[in-house]
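Fold and contact review
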Number of protein chains: 2
Amino acid sequence: MSNALAIHAKAAMLSEDWADDVRITVADGRIASVTVGTAAQPDDQRVGLLIPGLPNLHSHAFQRAMAGLGEVRGAGDDSFWSWREAMYRVAGQVDPDAMQAIAALAYVEMLEGGFTRVGEFHYLHHDPAGTPYADPAAMASALVAAAQDSGIALTLLPVFYAHAGFGGQEPQAGQRRFVTSLDGYARLHAASAAALRDLPDAVLGLAPHSLRAVTPDQLAALTALAGGAPIHIHIAEQRREVEDCLAWSGQRPVEWLLDNAPVGPNWCLVHATHMTGAEPSTLARSGAVAGLCPVTEANLGDGLFPASDFINADGCWGIGSDSNVLIDAFEELRWLEYGQRLSMQRRNVFAARPGDSTGAVLFDAAGRGGAQALGAAFGIAAGHSADLVSLDPDHPALAACPSGSRLDALIFAAGRAAIDCVWRHGAKVVSGGRHVARAAIAARYASAIERLRA
Amino acid sequence: MSNALAIHAKAAMLSEDWADDVRITVADGRIASVTVGTAAQPDDQRVGLLIPGLPNLHSHAFQRAMAGLGEVRGAGDDSFWSWREAMYRVAGQVDPDAMQAIAALAYVEMLEGGFTRVGEFHYLHHDPAGTPYADPAAMASALVAAAQDSGIALTLLPVFYAHAGFGGQEPQAGQRRFVTSLDGYARLHAASAAALRDLPDAVLGLAPHSLRAVTPDQLAALTALAGGAPIHIHIAEQRREVEDCLAWSGQRPVEWLLDNAPVGPNWCLVHATHMTGAEPSTLARSGAVAGLCPVTEANLGDGLFPASDFINADGCWGIGSDSNVLIDAFEELRWLEYGQRLSMQRRNVFAARPGDSTGAVLFDAAGRGGAQALGAAFGIAAGHSADLVSLDPDHPALAACPSGSRLDALIFAAGRAAIDCVWRHGAKVVSGGRHVARAAIAARYASAIERLRA
């Protein structure tokens with residue numbers, strides 16, 4: 001049992017509630033047993049507080065390379081669309097080596113920031129001229145290598161992208177690295193499956209980019225290809241997209257998708273920001289996951305998700321770091337709640353019932369919804385991969401904190417500074433808040449960035 | 001020159017712009033010289049990037065003791081007012097020893113989080129029965145001791161509090177520790193001045209709590225007492241307060257104050273959230289500082305400050321950590337901008353002119369406005385106190401970042417994790433991101449909290 005490990009926690013969060021004196025054994029990366037109310041054994045790794053790692057359901061890893069560079073005012077009013085031009089310039093420059101270096105750093109930061117699985121919404125397929133690489137999954141393989149370098153669990157979502165706008169508009173020059181035919185996409189998808197073969201806990205899904213970028217026929221073909229695998233799509237992020245969809249179809253994007261595609265629990269609708277009327281409750285009833293990215297949606301000026309209507313209909317949601325401008329699971333959750341407080345001018349919005357801890361509700365919902373969207377499991381339970389985060393019990397916000405408020409204290413008062421160690425698939429990848437390979441991965445990132453900006 | 005020190009920075013932010021190879025000499029806590037484009041000398045402390053510390057213009061230090069404990073849903077809709085009841089329960093328990101222990105930890109976290117001066121809006125004057133302590137400034141002295149323990153610069157703002165609501169309503173039981181007569185306040189103010197005598201860079205201002213808590217006559221008396229010292233007042237934080245003010249006076253709070261008090265550059269209007277019509281531009285023209293507390297205003301569900309109208313009128317503002325639920329200068333700035341982006345659905349709102357870096361505009365405005373509100377100086381310049389923050393130049397978000405985007409990268413992409421060292425009045429108080437006295441101060445905090453919650 002060279003791969004065996006046991007962790008003893010003074011308290012651990014097990015399916016929605018805290019238990020004391022919890023001993024967890026791990027074999028071959030998976031949790032073999034969870035025992036509550038037991039003493040530590042001599043060789044156990046002892047921790048204070050233990051929580052499961054969170055899934056990050058939406059990432060474009062390469063965009064970490066432009067973090068902080070899109071905040072200088074342009075000539076007119078800046079918007080998502082002017083930001084997208086800058087993003088396309090970065091996208092035009094990244095080769096497979098740079099992709100691996102940038103993604104590895106982003107994934108290190110995710111592991112340090114509370115995430116143990118990433119859903120990589122991957123559209124940067126071809127070389128800068130738009131020609132497929134000799135291996136059509138060369139860029140996907142760079143993401144797989146970055147997942148290996150960092151240890152994070154990967155749900156790869158290769159993106160199908162064909163058009164610049166509703167009604168099958170010709171793609172723009174800045175989109176040429178993304179565009180495939182359906183046949184080309186099938187080759188890419190098969191090559192991606194091969195690239196994932198040796199990565200522990202890997203999942204392969206697929207992603208029609210948006211209703212702007214795929215026609216109804218293409219969407220139907222992709223849906224058929226998916227089987228039960230995760231299907232992710234960007235939707236209703238921007239008002240202009242809603243207006244264009246109305247002009248094209250007479251319906252709003254979420255409305256159109258729910259009427260015209262077999263949306264169900266294996267679907268993730270990323271953003272779904274601009275919904276009105278019955279859209280939030282219809283989406284909730286479909287069983288699909290709303291993929292919310294509060295930090296990026298704020299950075300891009302997208303708008304606020306209509307959470308109240310969606311929660312009231314028991315909607316399922318998770319969080320994503322999207323543009324990776326800042327990577328922090330707890331800041332995503334904190335500002336998801338805070339955005340609602342600011343717009344509704346009341347407190348504890350996500351906590352629907354008296355006595356509910358807002359932090360516990362947010363954490364549990366994001367964990368379950370994120371895992372559902374990524375085709376994975378969530379939580380500290382036998383059979384699950386050992387994806388665990390220990391917290392410093394002496395952090396001032398957590399010391400002497402009643403157990404019922406611990407996740408509030410973590411999310412609203414302490415933040416990621418309270419993270420001590422992270423185990424992924426049973427391997428300790430973060431210690432003292434720092435990824436064990438951070439120095440080497442950061443050095444490789446820095447030289448990749450210097451090359452890009454030269 | 002036992003108190004002498006020299007720091008050499010590869011780059012330092014000097015009055016709105018970066019300069020390379022900057023050597024700063026310090027004597028007796030103050031910057032003696034700033035030389036640009038010069039080599040380091042053998043005994044210099046060498047740093048990568050150097051920025052000035054920011055002022056935190058609004059803090060209730062004792063509220064750090066309830067951080068994370070106000071996020072459990074109550075019986076009805078939670079609001080600022082239900083949170084205030086919980087806050088009053090904590091306020092009822094804190095004695096001078098606990099005040100010192102809690103404030104010292106909060107101040108340590110401020111220094112680790114980018115702040116080098118705090119404006120302490122201090123109303124917890126008397127013992128739990130409402131009787132003045134033998135030394136009327138016993139609680140103020142505890143705050144002074146906490147500033148000494150941590151090294152932070154203090155602007156003390158003793159609060160005058162007399163009434164529970166507009167029109168001179170009798171104070172409630174939960175407010176008895178706050179209430180004084182005007183004579184009692186004058187004694188408290190004089191004793192506070194004495195308590196501050198030996199604290200480097202200390203400033204004494206005064207603070208009518210709010211238009212709810214003081215009558216027009218009391219406000220006039222306090223204004224006369226101030227001379228040119230800082231005057232801070234809570235205003236227009238909550239819609240109910242606006243409605244009550246309208247019912248009482250026929251005017252909105254900001255409107256009433258600007259019409260009935262000599263509001264000028266030594267005033268700080270804290271929150272000023274709910275303004276309409278001409279209020280933002282009239283406030284801007286008064287020269288007073290708007291005291292914005294984005295994290296707390298989000299936590300309490302206050303609402304969003306009308307920044308666009310205020311910026312267009314060249315309004316002066318700064319930031320405060322207020323309830324101290326989370327202490328982080330860069331998160332305050334990030335979400336001040338993000339709140340505006342979400343409500344206006346555009347980007348780079350605070351950057352008014354093409355080519356402006358949003359981060360640089362935010363940092364400079366918060367530095368100058370905060371310093372103005374606290375009666376202090378801001379920036380790296382000869383004669384100023386040596387209040388300096390060094391950043392890790394190898395942080396991935398800062399490495400290879402063009403200088404014009406460095407403050408964007410710091411505020412939006414790196415956050416406080418990039419802070420390396422902090423000097424306050426020439427003494428190094430933070431090293432490697434950690435306050436040099438953190439362990440002892442955190443232990444004292446933990447035992448104070450255990451006592452409070454027992």
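Residues numbered from 1 in each chain as written. Chains lettered and ligands numbered in written order. Predicted model: local features only at pLDDT ≥ 70, side-chain atom pairs only at ≥ 80, totals over all residues. Heavy atoms only, no water.

1. Remarks on the overall build of chain A
Test applied: Numbering goes from the N terminus for both helices and strands, where a helix is a DSSP run of H or I of at least four residues and a strand is a run of E of at least two. Computation of the radius of gyration draws on C-alpha atoms alone. For the globule rule, the value is 2.2 Å times the number of residues to the power 0.38. Under the scheme applied here, a residue whose accessible area is under 20% of the maximum for its type counts as buried, over 50% as exposed, and between as partly exposed, the area being computed with a 1.4 Å probe on protein chains only. Whether two residues touch is decided by their heavy atoms; if any such pair falls within 4.5 Å, the residues are in contact. His is not counted here, nor are the chain ends, while Lys and Arg score as positive and Asp and Glu score as negative. To locate a charge, take NZ of a lysine, CZ of an arginine, CG of an aspartate or CD of a glutamate.
Secondary structure assignment for chain A yields 14 helices and 17 strands. A globule of 454 residues ought to have a C-alpha radius of gyration of about 22 Å, and chain A, at 21 Å, matches this closely. Based on the C-alpha atoms only, the size of chain A along its principal axes is roughly 65 × 50 × 45 Å. Looking at chain A as a whole, 65% of its 454 residues are labelled buried. Across chain A, the fraction of contacts at a sequence separation of at least 24, relative to all contacts at a separation of at least 6, is 73%. Taking the 33 positively charged and 48 negatively charged side chains of chain A as two groups, their mean positions are separated by 3 Å.

2. Points about the packing of helix α12 (residues 358-373) of chain A against helix α13 (residues 406-414) of chain A
Residue and element names in this part refer to chain A. Quick note on the threshold: Helix axes use the C-alpha atoms of the stretch in contact, all axes being lines fitted to C-alpha atoms, and the angles between their N-to-C directions lie in the range 0 to 180 degrees. An angle below 35 degrees is read as roughly parallel, one above 145 as roughly antiparallel, one from 65 to 115 as roughly perpendicular, and any other as oblique. As a working rule, the residues Ala, Val, Leu, Ile, Met, Phe, Trp, Tyr, Cys and Pro are called nonpolar, Asp, Glu, Lys and Arg charged, and the rest polar, with Gly in that last group.
Where α12 contacts α13, the two axes come as close as 7 Å, and the packing angle between them is 80°. Relative to α13, α12 is oriented roughly perpendicular. Counting all contacts with α12, which are made through T358, G359, A360, L362 and F363, the residues of α13 involved are L407, D408, I411 and F412. Of the residues contributing to the contact of α12 with α13, the split by class is 6 nonpolar, 2 polar and 1 charged.

3. Thoughts on the relation of the copies chain B and chain A
What counts is decided by this rule: The copies were overlaid with a least-squares fit restricted to C-alpha atoms from residues scoring a pLDDT of at least 70 in each copy.
Superposing chain B onto chain A requires a rotation of 180° together with a translation of 0.0 Å along the rotation axis, leaving an RMSD of 0.0 Å. What the superposition gives is, in effect, a two-fold axis relating one chain to the other. Taking C-alpha positions as reference, the residue of chain B nearest the rotation axis is G339 of chain B, located at 4.0 Å. Looking at the interface residues of chain B, 99% of them are also at the interface in chain A, so both copies use one shared face.

4. Quick notes on the interface of chain B and chain A
Put simply, an interface is often sized by how much accessible area is lost when its parts join up. The criterion, for reference: By buried area we mean the combined loss of accessible area, with a 1.4 Å probe, across both parts when two parts are placed together. By definition, a salt bridge exists where a carboxyl oxygen of Asp or Glu is found within 4 Å of a side-chain nitrogen of Lys or Arg. Whenever a nitrogen or oxygen atom comes within 3.5 Å of another N or O atom, the pair is scored as a polar contact, on the condition that within protein one atom can donate a hydrogen and the other can accept it, and that pairs from neighbouring residues in sequence are kept only if both atoms are in side chains.
If you look at the interface, chain B gives 68 residues, while chain A gives 67 residues. Both faces considered, chain B and chain A share a buried interface measuring about 5300 Å² in area, 55% of it formed by carbon and sulfur atoms. Considering only the side of chain B, the residues that lose the most area to chain A are R73, W335 and R347 of chain B, jointly responsible for 15% of the buried surface there. Across the contact surface, chain B and chain A share 8 salt bridges. Of the charged contacts, one joins D77 of chain A and R346 of chain B as a salt bridge, the two residues approaching to 3.9 Å between their closest N and O atoms. Viewed at the interface, chain A and chain B are joined by 37 residue pairs in polar contact (both at pLDDT 80 or more). Secondary-structure elements contributing two or more residues to the side of chain B that touches chain A are α1 (80-91), α2 (96-112), α9 (294-299), α11 (329-344), α13 (406-414) and α14 (438-453) of chain B. When the residues that make up the side of chain B that touches chain A are grouped by side-chain class, the tally is 32 nonpolar, 16 polar and 20 charged.

5. Structural notes on the nonpolar core
So the rule is basically this: What makes a nonpolar core is a set of buried Ala, Val, Leu, Ile, Met, Phe, Trp, Tyr and Cys residues whose side-chain atoms join them at distances within 4.5 Å.
Among the nonpolar cores identified, the biggest contains 281 residues, and Y107, L257 and W317 of chain A together with Y107, L257 and W317 of chain B are the most heavily contacted of them. For Y107 of chain B, the contacting residues outside a window of four places in its chain are A61, V118, E120, L143, A146, A147, S150, I152 and L154 of chain B.

6. Focus: helix α11 (residues 329-344) of chain A
Residues and elements named next belong to chain A. Using the following cut-off: Here, expected helix span is obtained from the residue count minus one, scaled by 1.5 Å.
In a regular helix each residue adds 1.5 Å, so 16 residues correspond to 22 Å; α11 covers 23 Å between its end C-alpha atoms and thus fits that length. In terms of burial, α11 is largely enclosed, as 14 of its 16 residues are buried. The N-terminus of α11 is capped by D328, whose side-chain oxygen sits 2.9 Å from the backbone nitrogen of F330. Of the residues flanking the end of α11, it is Q345, one or two places downstream, whose phi is positive at about 55°.

7. Some words on the pattern of salt bridges
Residues and elements named next belong to chain A. All told, the structure shown has 41 salt bridges over all chains when counted by the stated rule. With a closest N to O distance of 3.4 Å, D95 and R451 form a salt bridge. Within this pair, whereas D95 is found in the loop between α1 (80-91) and α2 (96-112), its partner R451 is found in helix α14 (residues 438-453), the two being separated by 356 residues in sequence. Residue D95 is classed as partly exposed on the basis of its relative accessible area, which comes to 28%. On the basis of relative accessibility, which here comes to 47%, the residue R451 falls in the partly exposed class.

8. Comments concerning α2 of chain B
Because an α-helix completes one turn every 3.6 residues, residues spaced three or four positions apart along the sequence face the same direction. All names here are of chain B. The end-to-end C-alpha separation of α2 is 24 Å, in line with the 24 Å expected for 17 residues at 1.5 Å each. Judged by how many residues are buried, α2 sits mostly within the fold: 15 of 17 residues are covered. Looking at the residues trailing α2, positive phi occurs at G114, about 105°.

9. Quick look at the sheet that holds strand β11 (residues 267-271) of chain B
Paired through their backbone hydrogen bonds, the strands of a sheet run either parallel or antiparallel. All names here are of chain B. As a reminder, the rule being used: Whether two strands pair depends on DSSP finding at least two bridges between them.
Taking strand neighbours across the sheet as the criterion, the 4 strands line up as β10-β11-β12-β13 in an open arrangement whose pairing is parallel. At either margin of the open sheet sits one strand with a lone partner, and together these are β10 (231-235) and β13 (316-319). On average, each strand axis in the sheet is inclined to that of its neighbour by 30°, with strand direction left out of account. Its contacts with the sheet put helix α12 (residues 358-373) on β10, β11, β12 (289-292) and β13, and the angle it makes with β13 is roughly 90°.

10. Points about unusual backbone geometry
For D201 of chain A, which is not glycine, the phi torsion reads 65° and is therefore positive. Residue position: D201 of chain A is located in the loop between α4 (182-195) and β8 (203-204). A residue is classified by how much of its surface remains accessible, and D201 of chain A, at 17% relative accessible area, is buried. Phi at D21 of chain B takes a positive value of approximately 50°, unusual for a residue other than glycine. Secondary-structure assignment places D21 of chain B in strand β2 (residues 17-27). Assessed through its relative accessible area of 34%, D21 of chain B is described here as partly exposed.

11. A few points about the pairing of strand β12 (residues 289-292) of chain A
In summary, the side chains of a regular strand alternate between the two faces of the sheet. Residues and elements named next belong to chain A. This is how it is decided: When the strands point away from the viewer and the path from the first strand over the helix to the second turns clockwise, the crossover is right-handed.
Burial along β12 is two-sided: the residues V289 and G291 and A290 and L292 are all buried. Relative to β12, strand β11 (residues 267-271) runs parallel, the two sharing 3 bridges. Following the sheet pairing, L269 is matched in β12 by A290. What joins β11 to β12 is helix α8 (residues 279-286), and the crossover it makes is right-handed. Where β12 meets strand β13 (residues 316-319), 4 bridges bridge the pair, whose relative direction is parallel. Bridge pairing in β13 links V289 to C316.

12. A closer look at the packing of α11 of chain A against α11 of chain B
Note the threshold: Two helices that cross are described as forming a left-handed crossing if the nearer one is turned anticlockwise from the farther one by less than a right angle, and a right-handed crossing if clockwise.
Packing of α11 of chain A against α11 of chain B leaves a shortest axis separation of 13 Å and a crossing angle of 45°. As far as their axial angle goes, α11 of chain B and α11 of chain A are oblique. Handedness of the α11 of chain A/α11 of chain B crossing: right-handed. Facing E331, R334 and W335 of chain A of α11 of chain A, the residues of α11 of chain B in contact are E331, R334 and W335 of chain B. In terms of residue class, the contact of α11 of chain A with α11 of chain B is made up of 2 nonpolar, no polar and 4 charged.

13. Remarks on the domain arrangement of chain A
Residues and elements named next belong to chain A. So the rule is basically this: Where a domain begins and ends is set by an automatic assignment or by a domain database.
Annotation of chain A at the domain level lists domain 1 (4-52 + 379-434) and domain 2 (54-374). Using only C-alpha atoms to locate each centre, domain 1 and domain 2 end up separated by 29 Å. Contacts between the two partners involve 24 residues from domain 1, matched on the other side by 28 residues from domain 2. Roughly 2100 Å² is buried in total at the junction of domain 1 and domain 2, and carbon and sulfur atoms are behind 61% of that figure. Along the contact surface separating domain 1 from domain 2 lie 3 salt bridges.

14. What to know about the pairing of strand β5 (residues 54-59) of chain A
Residue and element names in this part refer to chain A. Counting buried residues along β5, 6 of its 6 residues qualify, which places the element largely inside the surrounding structure. Pairing analysis gives 4 bridges linking β5 to strand β6 (residues 115-122), with the strands arranged parallel. Residue pairing in the sheet places N56 in a bridge with V118 of β6.

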